[in-house]
Amino acid sequence: MLSTLTFGFVGGGNLATALIGGLIARGVPPGSVRVADPFAQARERLQRDLGVQVCEAADAALAEAKVIVMAVKPQQFREAAVQLLPRMQAAGGDSLVISVAAGIRLQDMQRWLGGHARVVRAMPNTPALAGMGMTGMTAPAGLPETDRAVATAVAEAVGQCVWVEGDARMDAVTALSGSGPAYVFYMIEAMEKAGAQLGLTAEQGRQLAVQTFRGAAALAAQSSEPVSVLRERVTSKGGTTYAALTVLEQQGVADSFVQAMAAAAARGTEMGEEFGRES
């Protein structure tokens, strides 16, 4: 499916680079990808490393792509869409547009793109850079199944994806998996710090913490049992794990995580309202 399509990227940063690399690995010819980025260094890197076409701003060739990925920062989305719209209209306006900008709502995407119906809001996360991303996606109710299939294939080029209904649930996705890698890094940092205080070297602490997260996540992924059951199997009453988890419970760590993600989701909603506000 992907190898027969042409792709246009507005923005050529790390996430766009990861997606482009994943698409090429799935059989998309580099010549079928055109990237607009205002920075010469970024364009040179993309052309040198991936062999794709580049331009300074969205042009007619990019607007004619069958799939356009808006890989810009949320505060830049409106301007990028306004610049892209006349070129899309001149090209017939039949592209599938996928946004990976946090907080930008479907209704605002469509408004800035002149009522364009074929839009998808996506929220990948940074493990996409390692081919292990998790992407949440939503779309207007009437989006054709063929477009959903294309968007799914794009996301799966760098990991896995899940579809949810509506912008509110996308704010939840952003809080859980979009921001989620930072929570994991935060925990790894804490484990490294604890390891150092217990006499391990920095290198030993990092290796132990990273591999423990990697292994535990792999075990949870392959198991059909609830994560709570897996946790209980590691926790013998009166043992070392029990002692550690007792402290975490006393400190309210689980509740703090729930509150933290609620704050992240609320901020996502605020961003949508802020960036979508009529000027």
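What counts and how
Residues numbered from 1 in each chain as written. Predicted model: local features only at pLDDT ≥ 70, side-chain atom pairs only at ≥ 80, totals over all residues. Heavy atoms only, no water. UniProt positions renumbered as here; feature names shortened; annotations may be inferred. Pairing = 2+ DSSP bridges. Helix = DSSP H or I, 4+ residues; strand = E, 2+ residues; numbered from the N terminus. Axes fitted to C-alpha atoms, helices over the stretch in contact; angles between N-to-C directions. Contact = heavy atoms within 4.5 Å. Salt bridge = Lys/Arg side-chain N within 4 Å of Asp/Glu carboxyl O. Buried < 20%, exposed > 50% of the residue type's maximum accessible area, 1.4 Å probe, protein only. Phe/Tyr/Trp six-rings, centres within 6.5 Å; stacked < 30°, edge-to-face > 60°. Lys NZ or Arg CZ within 6 Å of the ring centre and 35° of its normal. Polar contact = N/O pair within 3.5 Å; in protein donor to acceptor, adjacent residues only side chain to side chain.

The name an unreviewed UniProt entry gives the protein is Pyrroline-5-carboxylate reductase, with Cupriavidus respiraculi as the organism. The UniProt entry for the protein carries the following text under Subcellular location (unreviewed entry): "Cytoplasm". On record in UniProt, under Pathway (unreviewed entry), the comment for the protein is "Amino-acid biosynthesis; L-proline biosynthesis; L-proline from L-glutamate 5-semialdehyde: step 1/1."

Observations concerning the sheet that holds strand S2 (residues 33-36)
The strand order S3-S2-S1-S4-S5-S6-S7-S8 describes an open sheet built from 8 strands, whose pairing is mixed. Either end of the sheet is taken by a strand with one partner, and the two such strands are strand S3 (53-55) and strand S8 (159-163). Neighbour-to-neighbour, the strand axes of the sheet open up by a mean angle of 25°, direction not taken into account. The sheet strands contacting helix H1 (residues 14-25) are strand S1 (7-10), S2 and strand S4 (67-70), and the helix crosses S1 at an angle near 170°.

Describing the pattern of salt bridges
One pass over the structure, following the stated rule, counts 13 salt bridges. Here Arg34 ties to Asp59 by a salt bridge, and the two come within 2.6 Å at their closest N and O atoms. With Arg34 in strand S2 and Asp59 in the loop between S3 and helix H3 (60-63), this pair connects stretches of sequence that are 25 residues apart. Residues Arg34 and Asp59 agree in their burial class; the two are buried.

A short note on the packing of aromatic side chains
Going through the model one piece at a time under the given rule, you end up with 2 aromatic pairs. Seen from their ring centres, Tyr183 and Phe257 are 6.2 Å apart, and the 80° between their planes marks the pair as edge-to-face. Here Phe257 lies in helix H12 (residues 253-276) and Tyr183 lies in helix H8 (residues 180-197), a separation of 74 residues in the sequence. Judged by its relative accessible area of 19%, Tyr183 falls in the buried class. The ring of Trp163 has Arg148 lying over it, and the distance from NZ or CZ to the ring centre is 4.6 Å.

Focus: the UniProt feature "domain: Pyrroline-5-carboxylate reductase dimerisation" (unreviewed entry) in the protein
Here the UniProt-annotated "domain: Pyrroline-5-carboxylate reductase dimerisation" (unreviewed entry) positions come out as residues 168-271. A distance of 12 Å separates the end C-alpha atoms of residues 168-271, which is 85% helix and 0% strand.

Notes on the side chain of Arg105
For Arg105, the location among the structural elements is in the loop between strand S5 (96-99) and helix H5 (106-112). Here Gly272 takes part through its backbone oxygen, which lies 3.2 Å from a polar atom of the side chain of Arg105. The residues touching Arg105, leaving out its near neighbours within four places in the chain, are Arg121, Asp167, Gly272, Glu273 and Gly276.

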